[in-house]
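# Results of the structural survey
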Amino acid sequence: MRLALLSLLLTLSTLSADYIRQPIDQKLVDSKIKIIDIRTPGEWKMTGLVKGSIPIMFFDEQGKYNMDRFLTELNKNVQKNERFAVICNSGSRSQVLGTYLGKQLGYNVIDLAGGIQYAIGKKITLEPYTPKP
């Protein structure tokens, strides 16, 4: 009985989770949805961040990552059932991470296709990156 209940709960949590891939637009930014920028600090400094976004590096400069550290930081900023977006430089890294977060871990995530480069092309408001002390 417990196993059946656990299976049902896991199925329901998976059904309530969502993964969407879409390009960024000003309407999404204006909605005040939390945008998690998973690029590296060097990339943040180079282009700036979408106004109001939260920088949490996922892949480092060598392509390595620490899922536990990332999830700890992510969970400080979003609730698991809260819809949020992820962005990287071109949309490749955010697609890998967004798919995993949404389809495997049950987060409600929007993967911003085209990344910051698409945002720059669409003249989305950016702000300079200021490292936290």
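For clarity, every value in this text was computed on a predicted model and none was experimentally measured. (Residues numbered from 1 in each chain as written. Predicted model: local features only at pLDDT ≥ 70, side-chain atom pairs only at ≥ 80, totals over all residues. Heavy atoms only, no water.)

### Description of the layout of surface pockets
Applied cut-off: Grid points spaced at 1 Å over the protein atoms alone were grouped into cavities, where a 1.4 Å probe fits but cannot get out, and pockets, open sets with protein on both sides within 12 Å along at least five of seven lines, with lining residues defined by an atom within 4 Å of a point. Grid points are joined across faces, edges and corners, and a volume is the space filled by probe spheres set on the points. Each helix corresponds to a stretch of at least 4 residues labelled H or I by DSSP, and each strand to a stretch of at least 2 residues labelled E; elements are numbered beginning at the N terminus. In the scheme used here, Gly and all other residues not listed as nonpolar or charged are polar, with Ala, Val, Leu, Ile, Met, Phe, Trp, Tyr, Cys and Pro taken as nonpolar and Asp, Glu, Lys and Arg as charged.
Roughly 450 Å³ of internal volume is contained in the largest pocket. If you trace the largest pocket, you find 23 residues lining it, with Trp 44, Pro 55, Ile 56, Met 57 and Glu 73 closest to the centre. Elements represented by at least two residues in the lining of the largest pocket include exactly strand 4 (54-55) and helix 4 (67-77). Looking at the lining of the largest pocket, the element that brings in the most residues is helix 4, giving four residues. Residues that form the lining of the largest pocket fall into these classes: 13 nonpolar, four polar and six charged.

### Topic: the packing of helix 4 against helix 5 (residues 92-104)
The following threshold applies: The axes are straight lines fitted to the C-alpha atoms, using for helices just the contacting stretch, and the angles between their N-to-C directions are given from 0 to 180°. Our angle categories are set so that under 35 degrees counts as roughly parallel, over 145 as roughly antiparallel, 65 to 115 as roughly perpendicular, and the remainder as oblique. When checking whether two residues touch, look at their non-hydrogen atoms; a contact exists if any pair is within 4.5 Å.
One way to put it is that helix 4 packs onto helix 5 with a least axis distance of 14 Å and a crossing angle of 70 degrees. The angle between the axes of helix 4 and helix 5 places the two elements in the roughly perpendicular class. Where helix 4 approaches helix 5, its residues Met 67, Phe 70, Leu 71 and Leu 74 are matched on the opposing element by Leu 97, Tyr 100 and Leu 101. Across the contact of helix 4 with helix 5, the residue classes break down as seven nonpolar, no polar and no charged.

### Digging into the sheet that holds strand 2 (residues 34-37)
We apply this condition: One bridge is not enough; two strands pair if DSSP finds at least two bridges between them.
Strand order in the open sheet made by the five strands is 1-6-5-2-4, with parallel pairing throughout. Strand pairing shows two members of the sheet lacking a second neighbour, strand 1 (18-23) and strand 4, which therefore form its edges. Summarising the sheet, strand 1 and strand 6 (residues 108-113) pair through six bridges and their orientation is parallel. Bridging from a neighbouring strand, Asp 18 pairs with Asn 108 of strand 6.

### Comments concerning the side chain of Ser 94
What counts, and what does not: Whenever a nitrogen or oxygen atom comes within 3.5 Å of another N or O atom, the pair is scored as a polar contact, on the condition that within protein one atom can donate a hydrogen and the other can accept it, and that pairs from neighbouring residues in sequence are kept only if both atoms are in side chains.
Note on placement: Ser 94 falls in helix 5. Polar side-chain contacts of Ser 94 include one of 3.3 Å to the backbone oxygen of Gly 91. Side-chain polar atoms of Ser 94 contact the side chain of Asp 111, separated by 2.6 Å. Apart from residues lying up to four places away in sequence, Ser 94 is in contact with Ile 38, Val 86, Ile 87, Cys 88, Thr 99, Asp 111 and Leu 112.

### Section: the packing of aromatic side chains
Filter applied, for reference: Ring geometry is summarised as follows: Phe, Tyr and Trp rings, the Trp one being its six-membered ring, pair when their centres sit within 6.5 Å, and such pairs are stacked at plane angles under 30 degrees, edge-to-face over 60 and tilted between the two. The buried label applies to any residue whose accessible area, calculated with a 1.4 Å probe on protein chains only, is under 20% of its type's maximum; exposed applies above 50%, and partly exposed to all values in between.
One pass over the full model with this rule turns up six aromatic pairs. Both rings, one in Phe 59 and one in Tyr 65, keep their centres 5.6 Å apart while their planes meet at 85 degrees; by these two values the pair is edge-to-face. You can call Phe 59 buried: its relative accessible area is 14%. Their ring planes at 85 degrees and their centres at 6.0 Å tell us that Phe 84 and Tyr 107 sit as a pair that is edge-to-face. Note that Phe 84 is positioned in strand 5 (residues 83-87) and Tyr 107 in the loop between helix 5 and strand 6, a separation of 23 residues in sequence.

### Observations concerning the pairing of strand 6
Convention followed: Whether a crossover is right-handed depends on one test, that the path from the first strand over the helix to the second runs clockwise when the strands point away from the viewer.
By the criterion of burial, strand 6 is predominantly enclosed, with six of the six residues buried. Here strand 6 shows a buried face lined by Asn 108, Ile 110 and Leu 112 and a second buried face lined by Val 109, Asp 111 and Ala 113. When strand 5 meets strand 6, the two strands line up parallel, connected through four bridges. Bridge pairing in strand 6 links Arg 83 to Asn 108. Handedness of the strand 5-helix 5-strand 6 crossover: right-handed.

Function cannot be read off these values alone, since they describe shape.
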